[in-house]
Amino acid sequence: MTAKFWGVRGSIPSPGVTTTRYGGNTPCVSLHLPGEPILVFDAGTGIRDLGKALAASKEEIFIVLTHAHWDHIQGFPFFAPLYQPNREIAMFPTFFGATTVCGMCQRLKAAGDKTMVCPLLAQMDGIHFPVRSEHIQSRTRCITEEEMSYLHSRGLNISKIAANHPGGSFGYKVEADGKSFVYLTDNELEPPYQKTTDFDGFVKFCWQADVLIHDAQYLEQDMPLKHGWGHSLVTQACDLALKAEVKHLILYHHDPDRADYELDWIQEDARRKLGEQKPHVPCTVAFEGLSIAI
Ligand SMILES: [Zn+2]
Ligand SMILES: [Zn+2]
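Residues numbered from 1 in each chain as written. Chains lettered and ligands numbered in written order. Predicted model: local features only at pLDDT ≥ 70, side-chain atom pairs only at ≥ 80, totals over all residues. Heavy atoms only, no water.

## Notes on the packing of aromatic side chains
Going through the model one piece at a time under the given rule, you end up with 9 aromatic pairs. Ring plane angle 35° and centroid distance 5.6 Å describe the contact between F41 and F181, whose orientation is recorded as tilted. Placement of the pair is F41 in strand 3 (residues 38–41) and F181 in strand 9 (residues 179–184), with a sequence separation of 140 residues. For F41, a relative accessible area of 0% gives the class buried. Aromatic pair F78 and F129: ring centres 5.1 Å apart, planes at 80°, arrangement edge-to-face. Separated by 51 residues along the polypeptide, F78 in the loop between strand 4 (61–64) and strand 5 (88–92) and F129 in the loop between helix 3 (119–122) and strand 6 (139–142) bring together distant segments of the chain. Looking at F129, the relative accessible area reads 12%, which means it is buried. (Phe/Tyr/Trp six-rings, centres within 6.5 Å; stacked < 30°, edge-to-face > 60°. Helix = DSSP H or I, 4+ residues; strand = E, 2+ residues; numbered from the N terminus. Buried < 20%, exposed > 50% of the residue type's maximum accessible area, 1.4 Å probe, protein only.)

Below is the structure:
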């Protein structure tokens, strides 16, 4: 498996002179497995560059969403493969109820069709984006029911876990050839509200993962103001990586106000603290363009 990072920033795109090295695009990570469809986790603004990279290929694309907050869907209308005739794109928004699906979804659902359009397409309504979803040339379909069974039937060993996040969010684990990859962003490990999953549940889910990508938006000095906003402290992500004995921790979903030099400092500090532990966990602060062979 190879994981590639196209957007690593949380909340809102943050271009500017202070974010040039780590990047200002919102979440998007692609996972490439030989002979399988390309898995794309989240469709933040980073997906635009991924689309350009995929435009010359023909592979089927699976877009797996953690949730539908803006920073996870806004890049989708700019994803070049959407406009390629006959390109196969399946979307897995996973949990959206009737209140968040668009009129087209509701009509299809009423007709008993399990293939529905989803919030990714619902934003392409002519009001929020000029191109309407019905003018997309690719063969897009949205799978919102029994999506895990569908992915399993396509040969992917994938599982999900409910995260602690206002409005809900999910994390995913993909296993292949004895290796495991976990994508767990927009997760507040120690929230003030009732937990959907407790710390031990995450330890179990991430147990000895080869790569854990985890939300690390905040520092102690951001608290108590941002406690309850749905994101974790860097130290909490490190704690999870240690307890779960993961083999490589990637800190992700950076605060839009975090400058490059601060992210350098965060990486140095996290590496120093993790280095004092046994077993030691390697740690990288995610940046756009990062590619990891798993
Ligand atoms: Zn987010
Ligand atoms: Zn969110």
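## Some details on the side chain of K173
Looking at where K173 falls in the secondary structure, it is placed in strand 8 (residues 170–176). Although K173 is buried, it forms no salt bridge, and the closest oppositely charged side chain is E175 at an N-O distance of 4.6 Å. Ignoring any residue separated from it by four or fewer positions in sequence, one finds K173 in contact with N157, I158, S159, F181, V182, K204 and F205. (Lys, Arg positive; Asp, Glu negative; His and termini not counted. Salt bridge = Lys/Arg side-chain N within 4 Å of Asp/Glu carboxyl O. Contact = heavy atoms within 4.5 Å.)

## Quick notes on the coordination of the zinc ion (ligand 2)
Distances from the zinc ion (ligand 2) to its protein donors, H67 (NE2), H69 (ND1), H165 (NE2) and D186 (OD), fall within 2.1 to 2.5 Å. One can describe the donor arrangement at the zinc ion (ligand 2) as irregular, given that its 4 donor atoms subtend angles of 89 to 173° at the metal. As a motif over one chain, the donors of the zinc ion (ligand 2) read H-x1-H-x95-H-x20-D. A distance of 3.6 Å spans the gap from the zinc ion (ligand 2) to the zinc ion (ligand 1), which D186 bridges by coordinating each metal. Of this pair, H165 sits in the loop between strand 7 (157–162) and strand 8 while D186 sits in the loop between strand 9 and helix 5 (199–205), and the two are 21 residues apart along the sequence. Taking relative accessible area as the criterion, H165 reaches 7% and is therefore assigned buried. Given a relative accessible area of 1%, D186 falls into the buried group. (Donors = N, O, S within 2.8 Å, 3.2 Å for Na, K, Ca; no water. Tetrahedral: all angles 85-135°; square planar, octahedral: opposite > 155°, others 65-115°.)

## So, the pairing of strand 8
With 6 of 7 residues buried, strand 8 lies mostly within the body of the structure. Relative to strand 8, strand 7 is paired through 6 bridges, and the arrangement is antiparallel. Note on strand 8: the bridge partner recorded for N157 is E175. Sheet analysis places strand 8 next to strand 9, joined by 5 bridges and oriented antiparallel. Bridge pairing in strand 9 links V174 to F181. Connecting the antiparallel pair strand 8 and strand 9 is a turn made up of 2 residues, with D177 showing a positive phi of about 50°. (Pairing = 2+ DSSP bridges.)

## Side note on the coordination of the zinc ion (ligand 1)
Binding of the zinc ion (ligand 1) to the protein goes through D71 (OD), H72 (NE2), D186 (OD) and H253 (NE2), at separations of 2.1 to 2.3 Å. Because the angles between the 4 donor atoms bound to the zinc ion (ligand 1) fall within 93 to 163°, the donor set is best described as irregular. If you list the donors of the zinc ion (ligand 1) from N- to C-terminus, the spacing comes out as D-H-x113-D-x66-H.

## Structural notes on the sheet that holds strand 4
As summarised here, the arrangement of the 7 strands in space is 6-5-4-3-2-1-13, forming an open sheet in which the pairing is mixed. Two strands bound the open sheet, and with one partner strand each, they are strand 6 and strand 13 (291–293). Here the average twist between neighbouring strands, direction ignored, is 20°. When strand 4 meets strand 5, the two strands line up parallel, connected through 4 bridges. Looking across to strand 5, one finds that V64 is bridged to F92. (Axes fitted to C-alpha atoms, helices over the stretch in contact; angles between N-to-C directions.)

## Notes on the sheet that holds strand 12 (residues 283–285)
The 6 strands lie next to each other as 7-8-9-10-11-12, forming an open sheet whose pairing is mixed. Two strands bound the open sheet, and with one partner strand each, they are strand 7 and strand 12. Put simply, the sheet's adjacent strands are angled 15° from each other on average, direction ignored. Here strand 10 (residues 211–215) runs beside strand 11 (residues 249–252); their pairing, made up of 4 bridges, is parallel.

Treat this as a map of the structure, not an account of what it does.
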